[in-house]
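Residue-level structure breakdown
Spelled out, the chains give:
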Amino acid sequence: MWERRELLTNICSLKAYLFRMTRNEILTLFRHRKVERGYARQQMEKEPQHAPDSSMKVTTTELVEMIDIAIERMPELRKRIFMMSRYDEMTYAEIARHLDISPRTVQYHIGKALNELRKLMDVMVLFV
């Protein structure tokens, strides 16, 4: 990127650009691995005596780490609301009272947090 900086003149936010670039690279990697797994499955069907490559599967620990990272990257209020809801098992009304916000705001942030995690799960489907 540094070597080609002259070509990157119309970037408004370097942080956003780097985030998007990294995200796209990860998705490209996931798609590539999906193709590799499809090819490996075809080969296994032709030669069933070979055991599947366990390194291609996502472990529970890796999944939990990815979820934790996704939660950590949420905006502070959303992260706090989500953790109070899911980990502390507080109701929307309790969270609203505790944070001095409306229950509708709590509902909005929980919905957004769940959507972000759903997107992560959609990507994880590529590994299964």
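Residues numbered from 1 in each chain as written. Predicted model: local features only at pLDDT ≥ 70, side-chain atom pairs only at ≥ 80, totals over all residues. Heavy atoms only, no water.

1. Considerations on the pattern of salt bridges
To keep things clear, this is the line we draw: Any Lys or Arg side-chain nitrogen found within 4 Å of a carboxyl oxygen on Asp or Glu counts as a salt bridge. Counting from the N terminus, the helices are DSSP H or I runs at least four residues long and the strands are E runs at least two residues long. Three exposure classes are used, based on accessible area relative to the maximum for each residue type with a 1.4 Å probe and protein chains only: buried under 20%, partly exposed in between, and exposed over 50%.
Evaluated as defined, the whole model comprises three salt bridges. As a salt-bridge pair, R78 and E116 come within 2.9 Å of each other at their nearest N and O atoms. Here R78, found in helix α3 (residues 76–86), pairs with E116, found in helix α5 (residues 103–124); they are 38 residues apart in sequence, far enough to count as distant. Taking the relative accessible area as the measure of exposure, R78 reaches 10% and is therefore buried.

2. Some details on unusual backbone geometry
The phi torsion of most residues other than glycine is negative, and most of the peptide bonds are trans. Although it is not a glycine, E89 sits at a positive phi angle of roughly 55°. Among the structural elements, E89 can be located in the loop between α3 and α4 (92–99). We classify E89 as exposed; its relative accessible area is 66%. Despite not being glycine, D100 shows a phi value in the positive range, around 55°. Mapped onto the elements, D100 comes out in the loop between α4 and α5.

3. Concerning the side chain of K79
Applicable threshold: The contact criterion used is simple: two residues touch if any of their non-hydrogen atoms lie within 4.5 Å.
Here K79 shows up in helix α3. Here K79 falls in the buried class, since its relative accessible area comes to 10%. Those residues in contact with K79 that sit more than four places away from it in its chain are I71, E72 and M74.

4. Re the nonpolar core
The condition is simple: Only buried residues count toward a nonpolar core. Its members are Ala, Val, Leu, Ile, Met, Phe, Trp, Tyr and Cys residues joined through side-chain atoms within 4.5 Å.
Counting 14 residues, the largest nonpolar core has I81, F82, I95, V106 and L117 as its most contacted members. Mapped onto this core, the elements with two or more residues apiece are α2 (60–72), α3, α4 and α5. With five residues, α5 is the single largest residue contributor to this core. Those residues in contact with F82 that sit more than four places away from it in its chain are I71, Y87, I110, A113, L114 and L117.

5. Regarding the environment of L117
Note on placement: L117 falls in helix α5. On a C-alpha basis, the gap between L117 and I67 in space is 7.1 Å, while along the polypeptide they are 50 residues apart.

6. Examining the environment of R118
For clarity, the threshold we go by: Whenever two N or O atoms come within 3.5 Å, that pair is a polar contact, provided that in protein one can donate a hydrogen and the other can accept it, and provided that, for residues adjacent in sequence, both atoms are side-chain atoms.
Turning to its location among the elements, R118 is positioned in helix α5. Engagement of the side chain of R118 in a polar contact is seen with the side chain of N115, the distance being 2.6 Å.

7. Here's the deal with a positive patch on the surface
Put simply, the test is: Here the term patch refers to residues with relative accessible area over 30% and no salt bridge, with like charges joined within 9 Å and nonpolar side chains (Val, Leu, Ile, Met, Phe, Trp, Tyr) within 5 Å. In short, Shrake-Rupley with a 1.4 Å probe defines the accessible areas, and a residue's cover is counted only from the protein chains shown. His is not counted, nor are the chain ends; Lys and Arg add positive charge and Asp and Glu add negative charge. Just so you know, the charge point we use is NZ for Lys, CZ for Arg, CG for Asp and CD for Glu.
A cluster of basic residues, R20, R23, R31, K112 and K119, forms a positive patch on the protein surface. Listed by contribution, the elements that provide at least two residues to the positive patch are α1 (14–46) and α5. Relative to the assigned elements, K119 resides in helix α5.

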